[in-house]
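Examining the three-dimensional arrangement
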Amino acid sequence: MKDYIAQRAAELAHYIINNNATVRKAAGVYNVSKSTVHKDVHERLKTINPALFRDVQKVLEVNKAQRHLRGGMATREKYLKKKSERR
């Protein structure tokens, strides 16, 4: 594996852990695709740094458990915004 890929995987993992970020948020900050972030932190990081891999997986599991709540809140905000624009 190329060094810059290993470095990017570690940086992505640290960002996700430090900011409780989602894969989508990390992808936006680092200007890479969600698929790249996912592959870096789920596959590549496992061989690069197993301890960091475990830490990032904990954060991503929490995010996965909460995603239905985030989606519901986004929908609620969308309709509240539409309602306020009609007035």
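In case you missed it, the structure is sitting above this.
As a further point, take the overall build of the protein. A count of helical and extended segments in the protein gives four helices and zero strands. When its helices and strands are written in sequence order, the protein yields α-α-α-α. Taking 87 residues into account, the globule formula puts the C-alpha radius of gyration at 12 Å, and the protein, at 16 Å, lies well above it. Seen through its principal axes, the protein has C-alpha atoms that stretch 55 × 25 × 20 Å. Burial statistics for the protein: of 87 residues in total, 25% are counted as buried.

What follows deals with the packing of helix α1 (residues 3-19) against helix α4 (residues 50-86). Remark: α1 packs on α4, axes separated minimally by 9 Å, with the N-to-C direction vectors making an angle of 45°. As summarised for this structure, α1 and α4 are arranged oblique, according to the angle between their axes. The two elements α1 and α4 meet at a crossing, and its hand is left-handed. Seen from α1, the contacting residues are Ala10, Ala13, His14, Ile16 and Ile17; seen from α4, they are Leu52, Asp55, Val56, Val59 and Leu60.

Below, the discussion takes up α1. The end-to-end C-alpha distance of α1, which contains 17 residues, comes to 24 Å, matching closely the 24 Å that a straight helix rising 1.5 Å per residue would cover. Considered for burial, the residues of α1 that qualify are Ile5, Ala6, Ala9, Leu12, Ala13, Tyr15 and Ile16. In this fold, the buried residues of α1 make contact with α2 (23-30), α3 (34-48) and α4. Directly beyond the C-terminal end of α1, a positive phi value near 50° is found at asparagine 20.

Turning our eyes to something else, we now look at the pattern of salt bridges. One pass over the structure, following the stated rule, counts three salt bridges. Residue arginine 8 pairs with aspartate 40 through a salt bridge whose shortest N-O separation is 2.7 Å. With a gap of 32 residues between them, arginine 8 in helix α1 and aspartate 40 in helix α3 connect regions that are remote in the sequence. What makes aspartate 40 buried here is its relative accessible area of 0%. Between lysine 39 and glutamate 43 there is a salt bridge, with its nearest N and O atoms 3.1 Å apart. Of this pair, lysine 39 and glutamate 43 both sit in helix α3, four residues apart, which is roughly one turn of that helix.

Reading the values: the criteria
Note that residues are indexed from 1 along each chain, following the sequence as it is written. Per-residue local features of the predicted model are confined to residues with pLDDT of at least 70, and side-chain atom pairs are confined, for both listing and counting, to 80 or more; whole-chain, interface and lining totals are unaffected and use all residues. Derived side-chain values reflect all non-hydrogen atoms in the structure, with water molecules and hydrogen atoms excluded from consideration. A run of DSSP states H or I qualifies as a helix once it reaches four residues; a run of E qualifies as a strand once it reaches two. Both are numbered from the N-terminal end. Atoms counted for the radius of gyration: C-alpha only. Globule rule: 2.2 Å times the number of residues to the power 0.38. Burial here depends on accessible area, computed with a 1.4 Å probe over protein chains only, as a share of the maximum for the residue type. Under 20% is buried, over 50% is exposed, and the range in between is partly exposed. To get an axis, a line is fitted to the C-alpha atoms, and for a helix only the part in contact is used. The angle between two axes follows their N-to-C directions and goes from 0 to 180 degrees. Here is the rule for angles: anything less than 35 degrees is roughly parallel, anything more than 145 is roughly antiparallel, 65 through 115 is roughly perpendicular, and the remaining ranges are oblique. Take the far helix as your reference; a near helix turned counterclockwise from it by less than a right angle gives a left-handed crossing, and one turned clockwise gives a right-handed crossing. Contact between two residues is taken to exist if any of their heavy atoms lie within 4.5 Å; hydrogens are not considered. For a helix, the expected span equals 1.5 Å multiplied by the number of residues minus one. Salt bridges are defined by distance alone: a side-chain nitrogen of Lys or Arg within 4 Å of a carboxyl oxygen of Asp or Glu.

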